[in-house]
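Tertiary structure, described
Given next are the chains, with one letter for each unit.
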Amino acid sequence: MADPMREEKLTLRDGRTLLLRPSRMDDAEATIRNVNRVGREEIYIMLDEVTSLKEERSWLSAFDGERNVLFVAVADGEVIGAADCHAGTFPKDRHVGGIGIAIQDGWRESGLGRRMMERVLEWMRVRGFAKAELAVFATNHRARRLYESLGFIDEGIRRRHVRIRGEFVDEVLMGLWLGPEPESASP
């Protein structure tokens, strides 16, 4: 299996090319621009805006490549997508990794989301994670279709958990076992 921390040139379905690679500290300004562009749309991610370069650098410093990772998609020197995984922090949930993804408008529907999710899941398998989890707004049908096509299943709903443009929207919790699903312990 290839090293999941590799840099890889990708050609998307529409013929555009970009580089998919692990983030670096000098990506801070570009990752802020990416997340802020997606956040301004209000309908895809929880975050609206990052304003502090110092906070962004602190966030980036947490990605050690062993328990936490951030992959960025770079086109023409600009970060246009990011996907991360954060390991559980307690002994009881260390086997679980939480995934987040943010891709700018104009780069969606090109296969990039799938490629980024596949890279994160590959990294998780190599690092020995047992389960991937994520949360998605119920109104984000495109993302839900992608996650379902990768094998994620609905595990719960946080009813009217977010407020988007004045409307209360459910947040759907989804999970994917990266190997055989273990049996549940009896109550």
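Residues numbered from 1 in each chain as written. Predicted model: local features only at pLDDT ≥ 70, side-chain atom pairs only at ≥ 80, totals over all residues. Heavy atoms only, no water.

1. Here's the deal with the overall build of the protein
Secondary structure assignment for the protein yields 4 helices and 8 strands. Each principal axis of the C-alpha atoms in the protein carries an extent, and together these give about 55 × 45 × 35 Å. Between the centroid of the 29 positive side chains of the protein and the centroid of its 32 negative side chains there is a distance of 1 Å. (Helix = DSSP H or I, 4+ residues; strand = E, 2+ residues; numbered from the N terminus. Lys, Arg positive; Asp, Glu negative; His and termini not counted. Charge placed at Lys NZ, Arg CZ, Asp CG, Glu CD.)

2. A few points about the environment of Arg67
Structurally, the position occupied by Arg67 is in the loop between helix H2 (53-61) and strand S3 (68-75). Put simply, Arg67 and Gly97 are 30 residues apart on the chain and 8.5 Å apart in space, counted from C-alpha to C-alpha. If we ignore the near neighbours within four places in the chain, the residues touching Arg67 are Cys85, His86, Ala87, Gly88, Arg94, Trp123 and Phe129. (Contact = heavy atoms within 4.5 Å.)

3. Comments concerning the packing of aromatic side chains
Using the criterion set out here, one finds 3 aromatic pairs in the structure. Here Trp59 and Phe63 contribute two aromatic rings whose centre-to-centre distance is 4.9 Å and whose plane-to-plane angle is 90°, an arrangement assigned as edge-to-face. Relative to Phe129, the ring of Trp123 has its centre 5.5 Å away and its plane inclined at 35°; by these criteria the two rings are tilted. Like Phe129, Trp123 is buried. (Phe/Tyr/Trp six-rings, centres within 6.5 Å; stacked < 30°, edge-to-face > 60°. Buried < 20%, exposed > 50% of the residue type's maximum accessible area, 1.4 Å probe, protein only.)

4. Points about helix H1 (residues 28-40)
Given a rise of 1.5 Å per residue, 13 residues ought to cover 18 Å, and the 18 Å separating the end C-alpha atoms of H1 matches this to within 8%. Turning to H1, its buried residues are Ala28, Ala30, Thr31, Ile32, Asn34, Val35, Asn36, Val38 and Gly39. Buried residues along H1 sit in contact with H2, S3, strand S4 (78-87) and strand S5 (96-103). Two residues or fewer past H1, Glu42 is found with a positive phi of approximately 70°. (Expected span 1.5 Å × (residues − 1).)

5. Re the sheet that holds strand S8 (residues 167-177)
Strand order in the open sheet formed by 8 strands is S1-S2-S3-S4-S5-S6-S8-S7, with mixed pairing between adjacent strands. On the outer flanks of this sheet lie strand S1 (8-11) and strand S7 (153-164), each paired with one strand and no other. The sheet shows a mean angle of 25° between the axes of neighbouring strands, taken without regard to direction. Taken together, the 8 bridges between S3 and S4 define a ladder with antiparallel strand orientation. (Pairing = 2+ DSSP bridges. Axes fitted to C-alpha atoms, helices over the stretch in contact; angles between N-to-C directions.)

6. Points about the side chain of Gln104
Relative to the helices and strands, Gln104 resides in the loop between S5 and helix H3 (112-126). Within polar-contact distance, the side chain of Gln104 engages the backbone oxygen of Val79 at 3.0 Å. Not counting residues within four places of it along the chain, the set of residues in contact with Gln104 comprises Asn34, Arg37, Val38, Val79 and Ile80. (Polar contact = N/O pair within 3.5 Å; in protein donor to acceptor, adjacent residues only side chain to side chain.)

7. Focus on unusual backbone geometry
Despite not being glycine, Asp76 shows a phi value in the positive range, around 50°. Mapped onto the secondary structure, Asp76 falls in the loop between S3 and S4. Backbone geometry places Glu109, a non-glycine residue, at a positive phi of 65°. Within the fold, Glu109 resides in the loop between S5 and H3.

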